[in-house]
Protein chains: 2
Amino acid sequence: MATNAAGRIATLQTNDIDSYMTTLGRQARAAARETARATTAQKNAALLTIADVIDQRRDQLMTANQKDLAAGRQKGLDSAMLDRLELTPARIDNMIEGLRQVAELPDPVGEVTDLRYRPSGIQVGKMRVPLGVVGIIYESRPNVTCEAASLCLKSGNAVILRGGSEALHSNQAIAECIVIGLRAAGITEHAVQVVATTDRAAVGKLITMPEFVDVIVPRGGKSLIERISADARVPVIKHLDGNCHVYIDDRADLDKAVKVAVNAKTQRYGTCNTMESLLIAEGVAAAVLPALAAAYRAAGVELRGCEKTRALIDGVIAATEEDWGTEYLAPVLSIRIVADLDEALTHIARYSSAHTESIITEDYGRAQRFLREVDSSSVMVNASTRFADGFEYGLGAEIGISTDKLHARGPVGLEGLTSQKYIVLGDGHIRQ
Amino acid sequence: MATNAAGRIATLQTNDIDSYMTTLGRQARAAARETARATTAQKNAALLTIADVIDQRRDQLMTANQKDLAAGRQKGLDSAMLDRLELTPARIDNMIEGLRQVAELPDPVGEVTDLRYRPSGIQVGKMRVPLGVVGIIYESRPNVTCEAASLCLKSGNAVILRGGSEALHSNQAIAECIVIGLRAAGITEHAVQVVATTDRAAVGKLITMPEFVDVIVPRGGKSLIERISADARVPVIKHLDGNCHVYIDDRADLDKAVKVAVNAKTQRYGTCNTMESLLIAEGVAAAVLPALAAAYRAAGVELRGCEKTRALIDGVIAATEEDWGTEYLAPVLSIRIVADLDEALTHIARYSSAHTESIITEDYGRAQRFLREVDSSSVMVNASTRFADGFEYGLGAEIGISTDKLHARGPVGLEGLTSQKYIVLGDGHIRQ
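Let me begin by describing the structure that accompanies this report. From a predicted model like this one, the values you see are computed outputs, not experimental measurements. (Residues numbered from 1 in each chain as written. Chains lettered and ligands numbered in written order. Predicted model: local features only at pLDDT ≥ 70, side-chain atom pairs only at ≥ 80, totals over all residues.)

### Overview of the overall build of chain A
So, step 1. A count of helices and strands for chain A gives 15 helices and 16 strands.
So, step 2. Its C-alpha atoms give chain A a radius of gyration of 24 Å, near enough to 22 Å, the size a compact globule of 432 residues would have.
So, step 3. Structurally, chain A occupies a C-alpha span of about 70 × 70 × 40 Å along its principal axes.
So, step 4. Classification of the 432 residues of chain A by burial places 54% in the buried group.
So, step 5. Put simply, of all contacts in chain A between residues at least 6 apart along the chain, 73% involve residues at least 24 apart. (Helix = DSSP H or I, 4+ residues; strand = E, 2+ residues; numbered from the N terminus. Rg over C-alpha atoms; globule rule 2.2 N^0.38 Å. Buried ≥ 20, exposed ≤ 12 C-beta atoms within 10 Å, placed from the backbone. Contact = placed C-beta atoms within 7 Å.)

Structure, rendered in structure tokens:
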């Protein structure tokens with residue numbers, strides 16, 4: 001049975017997929033015991049060596065990537081997809097830089113917190129531990145192979161990576177660099193395994209092996225994630241929509257409001273933390289909407305609004321019920337004028353995807369209420385929703401953004417790839 | 001559609017179950033927004049009023065319970081089941097005391113931690129928030145109704161409780177007390193809903209409504225939990241086996257070893273944190289086994305052992321492969337002599353259910369290795385496995401013990417019924 005160890009691309013028959021994935025799973029489970037006890041020095045040495053090997057092998061990586069690009073063009077992939085697939089020198093620089101940054105992050109594994117004596121005489125605390133085996137399923141961008149491997153390794157997990165079929169050669173070339181780094185640090189090469197088949201059955205098997213895989217992180221479009229969540233027999237850290245809201249309160253500083261609401265929409269359109277719906281308190285709508293509308297139009301943003309918005313601003317398309325629930329990921333914005341904070345909270349509770357919402361206000365009590373009552377993974381005051389990001393939050397890197405409520409919410413970094421077990425220290429203590 | 005509000009026991013036709021459960025779900029989802037923002041004072045007032053009402057209604061509770069007991073006897077329930085079902089005056093005292101204790105616990109909701117300035121100028125931190133709607137599925141013990149409701153309420157969650165059909169009248173009587181307490185504190189009565197039908201289809205629906213239910217906590221036997229996990233479309237906080245180990249190292253203090261190993265097995269037999277398998281380092285086996293065997297026999301514990309154990313002690317039954325993986329929940333113990341810590345760790349990695357394991361040693365390095373390398377929800381040094389318990393750990397109470405790796409491991413108290421969202425405080429900050 002071929003594994004990724006030598007970067008071989010196995011030509012597997014469909015009826016082999018089951019046993020191939022089982023082999024990867026068993027190897028990952030065994031590797032996880034090793035990675036869990038790997039020292040910080042070992043893990044960092046592996047990361048830095050991988051960075052060096054990637055630096056030395058730039059030509060090989062580009063050659064492998066050219067194969068994928070050529071095949072992609074032949075298959076008729078669109079230009080956005082080909083762009084994501086491409087490994088440019090700058091992107092290789094970013095991969096190297098990312099590995100070095102992860103090496104510098106504090107090791108989360110083994111951290112002991114809350115260790116306290118109990119009346120019985122025992123000490124009880126919590127110790128941070130890896131989750132075990134992580135399965136990552138992603139689409140075209142080959143740099144994810146490197147990012148995901150580095151975060152899983154640093155957090156003491158074994159990982160099985162299943163990239164997009166269009167990036168197979170690039171991913172295998174990156175996998176070879178990873179294997180060299182692992183070996184140099186004395187860590188089993190099964191700590192990071194890249195699935196060496198493009199057969200879709202591999203994904204189906206990966207997400208239904210709870211005996212070998214502890215958690216699945218899908219990275220990709222909503223339909224991929226929904227499909228995986230529906231079929232998985234393993235917990236999934238999900239990132240669905242980012243239908244993010246900014247609410248401009250009638251006690252907002254309107255200069256800040258315009259600055260933030262323009263940034264939240266126009267700084268980038270295709271990202272999950274981009275504002276898709278703007279709520280404005282009736283009391284300040286007439287004062288703030290003209291400046292906002294001018295800025296959005298200058299940036300080429302199409303505006304869709306409620307009746308009250310349309311009465312204040314010309315050329316706004318009538319928003320439908322569907323608009324309030326839509327993540328455009330495009331230069332389109334829906335605008336609704338609401339009576340007050342309560343109506344804004346009700347709108348958000350109904351339409352938000354619980355990703356990121358921000359209030360613009362100078363009112364202390366309203367800021368506190370918004371922070372407390374909005375049930376989203378990131379809740380902000382006087383700040384752009386675009387800040388909802390692992391790097392901006394200081395996590396160093398992120399494996400994804402969770403819109404789930406259990407385990408991890410918001411950007412998931414090293415800590416999200418760990419959990420805490422209880423530890424008890426006694427001296428012959430027994431229960432009475 | 002009947003709800004539990006007045007404690008009515010609806011006679012529902014099977015084809016109504018779907019819409020009945022949907023109604024409960026929708027009511028719970030709406031209630032969760034309210035409970036999330038209920039003040040600490042409100043929640044505590046509700047808990048204390050429920051305690052008082054239960055105290056005043058002892059006779060009514062006992063009468064309802066007598067109905068269940070009579071029906072149970074007629075159905076031929078065994079005596080253990082009838083015992084669990086019975087509400088004695090002492091058990092009612094415990095329910096009242098439990099409610100008052102939960103009122104005294106610190107409110108986890110709204111706790112802000114790790115709030116720090118980032119280079120961009122924003123402050124980023126985490127705020128503890130309720131999970132939303134919790135579904136609890138449990139068997140005969142009616143006091144769980146009260147315990148689970150109190151923990152969910154204090155942690156700001158709405159809850160749907162589905163108790164055993166044999167306890168229906170008792171649970172409805174307790175539900176009436178809860179509704180009175182909620183009303184008195186100005187909290188919606190839909191915050192705690194007790195399913196008023198014994199139809200099994202209600203469970204099937206409850207665990208497949210992700211739009212209304214955020215997490216399921218099953219409390220009961222392994223087969224119940226496995227069935228629910230297999231069918232659920234909602235995350236499940238699982239508690240499967242407790243196949244717990246004690247390892248007596250050859251650097252153990254043998255007096256402590258005997259004390260702990262006897263307590264871990266004999267203090268109670270039917271609990272999940274009871275030791276089921278004892279591992280002994282070869283170097284001290286001859287020195288410690290006779291005293292241990294004598295103590296176990298005095299307590300009436302049947303011993304099953306490996307060949308080496310049987311060579312040292314008479315009358316030990318030969319342990320089979322199956323024994324190593326078995327949670328006896330009975331006065332039976334499997335014993336294995338291992339070469340050293342490494343062999344003990346390998347045995348535990350293979351057979352343990354990842355619940356609770358303890359090492360007995362005076363060696364610092366080995367204690368550290370055991371703590372780090374054993375991947376169980378509780379890992380102990382020189383302490384009885386029987387300490388793995390929410391009260392002993394200072395959680396105040398527990399909704400269950402998780403053997404999962406994601407979200408919560410070990411005893412799950414108020415904190416396990418919450419998660420953390422990110423909060424961002426700015427002053428007009430935008431992303432560059």
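Structure shown, so let's carry the discussion forward.
### Concerning the nonpolar core
So, step 1. Core analysis: the biggest nonpolar cluster contains 263 residues, and Ala261(A) and Ala261(B) have the highest contact counts within it.
So, step 2. Take this core: its biggest share by element is eight residues, from helix α1 (residues 14-37) of chain A.
So, step 3. Excluding residues within four positions of it along the chain, Ala261(B) makes contact with Val246(B), Ile248(B), Met275(B), Leu278(B) and Leu292(B). (Core = buried A, V, L, I, M, F, W, Y, C linked by C-beta atoms within 7 Å.)

### Quick notes on helix α10 (residues 254-266) of chain A
So, step 1. A rise of 1.5 Å per residue sets the reference length of α10(A), with its 13 residues, at 18 Å; its end C-alpha atoms lie 18 Å apart and thus fit the reference within 8%.
So, step 2. Along α10(A), the residues classified as buried are Lys256(A), Ala257(A), Val258(A), Val260(A), Ala261(A), Val262(A), Asn263(A), Ala264(A) and Lys265(A). (Expected span 1.5 Å × (residues − 1).)

### Notes on the relation of the copies chain B and chain A
So, step 1. For the pair chain B and chain A, the relating rotation is 180°, the translation along its axis is 0.0 Å, and the fit reaches an RMSD of 0.0 Å. What the superposition gives is, in effect, a two-fold axis relating one chain to the other. Of every C-alpha in chain B, the one belonging to His407(B) sits nearest the axis of rotation, 1.9 Å from it.
So, step 2. The residues that chain B uses at the interface reappear at the interface of chain A in 100% of cases, marking a shared surface. (Least-squares fit on C-alpha atoms with pLDDT ≥ 70 in both.)

### Quick look at the interface of chain B and chain A
It is common to report an interface's size as the accessible area lost on association of the parts.
So, step 1. Counting residues at the interface gives 58 residues for chain B, matched by 58 residues for chain A.
So, step 2. Looking at the side of chain B that touches chain A, the elements with two or more residues in it are α1 (14-37), β2 (123-130), α10 (254-266), α15 (364-373), β13 (378-383) and β16 (418-429) of chain B.
So, step 3. In terms of residues, the side of chain B that touches chain A owes the most to one element, β16(B), which gives eleven residues.
So, step 4. When its residues are assigned to classes, the side of chain B that touches chain A shows 23 nonpolar, 18 polar and 17 charged.
So, step 5. Where strand β16 (residues 418-429) of chain A and β13(B) come together, five bridges link them in parallel fashion. (Nonpolar A, V, L, I, M, F, W, Y, C, P; charged D, E, K, R; others polar. Pairing = 2+ DSSP bridges.)

### Re the sheet that holds strand β3 (residues 133-138) of chain A
Residues and elements named next belong to chain A.
So, step 1. With respect to topology, four strands assemble into an open sheet ordered β5-β4-β3-β6, the strand pairing being parallel. Unpaired on one side and paired on the other, β5 (192-194) and β6 (215-219) mark the two borders of the sheet. The average angle at which neighbouring strand axes cross in this sheet is 15°, direction not considered.
So, step 2. With five bridges connecting them, β3 and β6 associate as parallel partners. Bridge pairing links Tyr138 to Arg219 in β6.
So, step 3. Set on the sheet, helix α6 (residues 143-154) makes contact with β3, β4 (158-162), β5 and β6; between it and β4 the angle comes to about 165°. (Axes fitted to C-alpha atoms, helices over the stretch in contact; angles between N-to-C directions.)

### What to know about unusual backbone geometry
Of all residues except glycine, most have a negative phi; of all peptide bonds, most are trans.
All names here are of chain A.
So, step 1. For Ala354, which is not glycine, the phi torsion reads 65° and is therefore positive.
So, step 2. Within the secondary structure, Ala354 is located in the loop between α14 (341-351) and β12 (356-360).
So, step 3. The class of Ala354 is buried, set by 24 C-beta atoms lying within 10 Å.

### Considering the sheet that holds strand β11 (residues 332-338) of chain A
So, step 1. Taken in spatial order, the ten strands line up as β10(A)-β9(A)-β11(A)-β8(A)-β7(A)-β12(A)-β13(A)-β16(B)-β2(B)-β1(B) in an open sheet, and their pairing is mixed. Strands with a single pairing partner mark the edges of an open sheet, and in this sheet they are β10 (317-318) of chain A together with β1 (112-117) of chain B.

### What to know about the packing of helix α2 (residues 40-56) of chain A against helix α5 (residues 89-104) of chain A
All names here are of chain A.
So, step 1. Relative to each other, α2 and α5 sit at 165°, their axes nearing to 8 Å. Between α2 and α5, the angle falls in the class roughly antiparallel. With respect to the hand of their crossing, α2 and α5 are arranged in left-handed fashion. The segment α2 lies against α5, with Asn44, Leu47, Leu48, Ile50, Ala51, Ile54 and Asp55 engaging Ile92, Met95, Ile96, Leu99, Arg100, Val102 and Ala103.
So, step 2. Of the residues in the contact of α2 with α5, the class split is eleven nonpolar, one polar and two charged. (Parallel < 35°, antiparallel > 145°, perpendicular 65-115°, else oblique. Left-handed = near helix turned anticlockwise from the far one by under 90°.)

### Points about the pairing of strand β7 (residues 244-248) of chain A
Strand residues, when the strand is regular, have side chains that alternate between the two faces of the sheet.
Residues and elements named next belong to chain A.
So, step 1. The element β7 is extensively covered by neighbouring structure, given that five of its five residues are classed as buried.
So, step 2. Side chains Cys244, Val246 and Ile248 project from β7 onto one buried face, and the interleaved His245 and Tyr247 project onto a second face that is buried too.
So, step 3. Inspection of the sheet shows β7 paired to strand β8 (residues 275-281) by five bridges, in the parallel sense. Residue pairing across strands places Val246 opposite Leu278, the latter belonging to β8.

### Quick notes on the environment of Arg162(A)
Residues and elements named next belong to chain A.
So, step 1. Within the secondary structure, Arg162 sits in strand β4.
So, step 2. Accessibility expressed as a C-beta count within 10 Å gives 26 for Arg162, which makes it buried.
So, step 3. In contact with Arg162, other than residues within four places in its own chain, are Ile136, Ile137, Val195, Ala202, Val203 and Leu206.

### Considerations on the packing of α6(A) against helix α7 (residues 168-184) of chain A
Residue and element names in this part refer to chain A.
So, step 1. Relative to each other, α6 and α7 sit at 30°, their axes nearing to 9 Å. Of the two elements, α6 crosses α7, and the hand of that crossing is right-handed. Taking contact as the criterion, the partners of Thr145, Cys146 and Ala149 in α6 are, on α7, Asn171, Ile174, Ala175 and Ile178.
So, step 2. Within the contact of α6 with α7, the residues separate by chemical class into five nonpolar, two polar and no charged.

### Structural notes on helix α11 (residues 282-298) of chain A
All names here are of chain A.
So, step 1. For α11, built from 17 residues, the straight-helix expectation of 24 Å at 1.5 Å per residue is met to within 8% by its first-to-last C-alpha distance of 24 Å.
So, step 2. Of all bends in α11, the biggest is about 50°, found at Val288, and the proline Pro290 comes one to four residues later.
So, step 3. All buried positions along α11 are accounted for by Ala285, Val288, Leu289, Leu292, Ala293 and Tyr296.
So, step 4. In this structure, the buried residues of α11 make contact with β7, α10, β8, β9 (302-305), α12 (307-312) and β11.
So, step 5. Directly beyond the C-terminal end of α11, a positive phi value near 80° is found at Gly300. (Bend = angle between axes of the 7 residues up to and from the residue.)

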